[in-house]
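If you want the building blocks of each chain, they are given just below.
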Amino acid sequence: MDTSKPAIFVNGALLPMHVRKRVRTVIQVMGSDRGAVVGKSPDDLQLVVKGSPPSAPLTNFVEVIGIADSEKSIQAETWTNFGDAFDTYSYNQLCQLANGEYQHLFL
């Protein structure tokens, strides 16, 4: 893990608190439109991910790391396929821990 540019773990509800910061999340890909991918966050909110996805087809679940450019969108720097099955409940819990009492363990 690259510690020189940490990315804050976020879900859809936490993203507005981190606009203009480097973030990471996992989305369930719902579709794409005009150079953006629309997905569902681990807490079932809709997010838009902008940027150039990898040349390989996206799987059902994708981790994105990039800059939160609005309350509901991320300008992606890195895209990582996470496969077609993923435990969004546990990831959502991780996001809450990483932004709460245990934040010091994640940044």
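A short tour of the structure in this document, coming up. (Residues numbered from 1 in each chain as written. Predicted model: local features only at pLDDT ≥ 70, side-chain atom pairs only at ≥ 80, totals over all residues. Heavy atoms only, no water.)

### A short note on the overall build of the protein
Summing up its helical and strand segments, the protein has 1 helix and 6 strands in all. Reading the protein from its N terminus to its C terminus gives the helix and strand order β-β-β-β-β-β-α. Here the C-alpha radius of gyration of the protein, 13 Å, is about what a compact globule of 107 residues would show, namely 13 Å. In terms of overall dimensions, the protein has C-alpha extents of about 35 × 25 × 25 Å along its principal axes. Looking at the protein as a whole, 36% of its 107 residues qualify as buried. Considering only contacts in the protein between residues 6 or more positions apart, those separated by 24 or more positions represent 52%. Here the protein has roughly 6,100 Å² of accessible surface; of this, 53% comes from carbon and sulfur atoms. Each charge sign in the protein was given a centre, from 9 positive and 11 negative side chains, and these centres are 8 Å apart. (Helix = DSSP H or I, 4+ residues; strand = E, 2+ residues; numbered from the N terminus. Rg over C-alpha atoms; globule rule 2.2 N^0.38 Å. Buried < 20%, exposed > 50% of the residue type's maximum accessible area, 1.4 Å probe, protein only. Contact = heavy atoms within 4.5 Å. Areas by Shrake-Rupley, 256 points an atom, 1.4 Å probe, with all protein chains shown as cover. Lys, Arg positive; Asp, Glu negative; His and termini not counted. Charge placed at Lys NZ, Arg CZ, Asp CG, Glu CD.)

### Regarding unusual backbone geometry
In the Ramachandran plot, Arg20 falls in the positive-phi region, its phi being about 75° despite a non-glycine side chain. Assignment of secondary structure puts Arg20 in the loop between strand 1 (8-9) and strand 2 (22-33). For Arg20, a relative accessible area of 72% gives the class exposed.

### Details of the pairing of strand 3 (residues 36-40)
For a regular strand, side chains alternate in direction, first toward one face of the sheet and then toward the other. Two elements, strand 2 and strand 3, share 5 bridges in a ladder whose sense is antiparallel. By the bridge assignment for strand 3, Gln28 is matched with Lys40. In textbook terms, the turn of a hairpin is the stretch between consecutive antiparallel strands, and for strand 3 and strand 4 (residues 46-50) this stretch comprises 5 residues, one of which, Asp44, has a positive phi near 65°. (Pairing = 2+ DSSP bridges.)

### Notes on the nonpolar core
With 21 residues, the main nonpolar core has Val10, Leu15, Val23, Ile27, Val49, Val64 and Trp79 as its most contacted residues. A per-element tally of this core places strand 5 (residues 61-70) first, with 4 residues. Leave out the neighbours within four places in its chain, and Leu15 touches Val10, Val23, Leu47, Ala68, Ser70, Glu71, Lys72, Ser73 and Ile74. (Core = buried A, V, L, I, M, F, W, Y, C linked by side-chain atoms within 4.5 Å.)

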